Amino acid sequence: MKAFKILLLLIAWCSVMGGYSQVEALHHNQLILPDKIGDKLLLKGDFHMHTAYSDGHVMPDYRAFEAINDGMDVIALTEHIDFELYPDELHNDYNRPYEMAKAYAQQARYSSPNDSLTVVLGAEISPRVSPFHCNAVFLKDANAIPTEYMAETKKKFIMKQGELTGLIYKAFYEAKKQGAFIFYNHPGYKYWDYNKYGVDLFTDIHEDLLEKGLINGIEIVNSGKYFVEAHRIAIEKGLTVFANSDAHWGTLRTMGTTARCATLVLADNKSDDAIKQALFDKQTAAYWDNHLAGSKEILTKIFRAGIEIKSEKGKAADAELVVVTIVNNTSIPFVIGEIDLKYDLLFQPKNSVVLAANSETVLKIKTLLDKPEKIDIGLTILNALVAPGQPLKTNISVEGF
């Protein structure tokens, strides 16, 4: 009977592999951004995913396959250490998914050097009470994370009765002992009691974990959905921001018509140590559905590295012109809500400009009788958020006459 169940699981996996690879070949969208910003690499990461080794429905090597297909640079498999969907079919080893995905990534690198994917070891600590659902990544041994707060993990999720905070803390302390980076997953999830915890969902326990260095980051995007509460928490508490798929099936389900959501990481290189250090240094931004969110400094760097600016002199019937061409080399159409400019634009308003993806946008600046040597242009980018409801404002300068 057990052999038959394993056979069914493998058949289902092969069906998923075949079906999703065909679909992704048709609808595949990669996020195009600069590979480097200054002396740093700009990496695309997904630090929250599941496989059949917890409550996912694909095998670990498929996660590496789709990550390479999606143009990702780093992934973490973060199985629920306190729930097993297939306990009779798959051996309870939470390091095994990482090993399988890493082996696939290494094999892909040998056959195609451009397909360089870093796979890191992670786990999800997921009690149904506060502190609710946190990921630990860059672990050394996921099997060493204790789950003493659980009464049953095999096909059921049943917690022990009584006060469990101390038992839950043991999992966090073990992750920290291993040098892991720990972040808070999808605040705003349906299990929360809003009347008890309020809309920002950062409890006294989270405050204590933060004080003890047991929480370092927070997902502001999960499954392609933006959580404004989480973004607010990230800023107020000084937490590293993440955008992750939380994929259980294929990531196509969280991609929509745009590229897969991603945690953008500015790192020295693609090693585990360099990426982990970048997370602790808060060198990240979130991408989802053609939007960015993060610090003003990092969003400005990404925007400026992704565009080229050219200017030349021109002439209209009644005025001198400076013709500015902005080349957007990214796959994100930057929506300009306001252009702060001393002069007028020829035949164009200053509050409805889109720098289309992988395209050139031309601004014709009317200087009339004025002949400035330099022109400063302020841009308000509506789909790049430095805080909830607060778009990025940046400046560019071009040569005049």
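Everything below is about the structure printed above this text.
Note that the coordinates shown come from a computational prediction; the quantities given were computed from them, not determined experimentally.

A. Highlighting the nonpolar core. Counting 95 residues, the largest nonpolar core has Leu264 and Ile377 as the members making the most contacts within it. Apart from the residues lying within four places of it in its own chain, the contact partners of Ile377 are Val324, Ile339, Asp340, Leu341, Ile365, Thr394, Asn395, Ile396 and Val398. Residues Leu43, Phe47, Phe183 and Val265 belong to the second largest nonpolar core, which totals 15 residues.

B. Region of interest: the pattern of salt bridges. Applying the stated rule across the entire model yields 16 salt bridges. In this structure, Asp370 and Lys342 form a salt bridge, with 3.9 Å as the shortest nitrogen-oxygen distance. Of the two residues, Asp370 is situated in the loop between strand 20 (359-368) and strand 21 (374-387) and Lys342 in the loop between strand 17 (334-340) and strand 18 (344-345); the sequence distance between them amounts to 28 residues. A relative accessible area of 69% means that Lys342 is categorised as exposed. A salt bridge links Asp376 to Lys374; the shortest N-O distance between them is 4.0 Å. Judged by its relative accessible area of 44%, Asp376 falls in the partly exposed class. Lys374 sits in the exposed class, given a relative accessible area of 53%.

C. Region of interest: the pairing of strand 9 (residues 217-222). When you tally the buried positions in strand 9, you get six out of six residues, the bulk of the element. Across two bridges, strand 8 (residues 181-184) lies against strand 9 in parallel orientation. Its bridge partner being in strand 9, Phe183 is matched across the sheet by Gly217. In terms of strand pairing, strand 9 meets strand 11 (residues 240-244) through five bridges, oriented parallel. Paired with Asn222 across the bridge in strand 11 is Asn244. Sheet topology note: the strand 9/strand 10 (residues 225-226) ladder contains two bridges and is antiparallel. The residue bridging Asn222 from the neighbouring strand is Lys225, located in strand 10. Hairpin geometry of strand 9 and strand 10 is characterised by an intervening segment of two residues between the two adjacent antiparallel strands and by a positive phi of about 55° at Ser223.

D. Quick peek at unusual backbone geometry. With an omega dihedral of 0°, the bond running from Ser130 to Pro131 counts as a cis peptide bond. By the secondary structure assignment, Pro131 is in the loop between strand 4 (118-125) and strand 5 (134-137). A positive phi angle, near 50°, is found at His133, a position not held by glycine. You can call His133 buried: its relative accessible area is 4%. Phi at Asp289 is positive, roughly 45°, even though this residue is not glycine.

Conventions we followed
Residues numbered from 1 in each chain as written. Predicted model: local features only at pLDDT ≥ 70, side-chain atom pairs only at ≥ 80, totals over all residues. Heavy atoms only, no water. Core = buried A, V, L, I, M, F, W, Y, C linked by side-chain atoms within 4.5 Å. Buried < 20%, exposed > 50% of the residue type's maximum accessible area, 1.4 Å probe, protein only. Contact = heavy atoms within 4.5 Å. Salt bridge = Lys/Arg side-chain N within 4 Å of Asp/Glu carboxyl O. Helix = DSSP H or I, 4+ residues; strand = E, 2+ residues; numbered from the N terminus. Pairing = 2+ DSSP bridges.

Any link to function would need more than the numbers given here.
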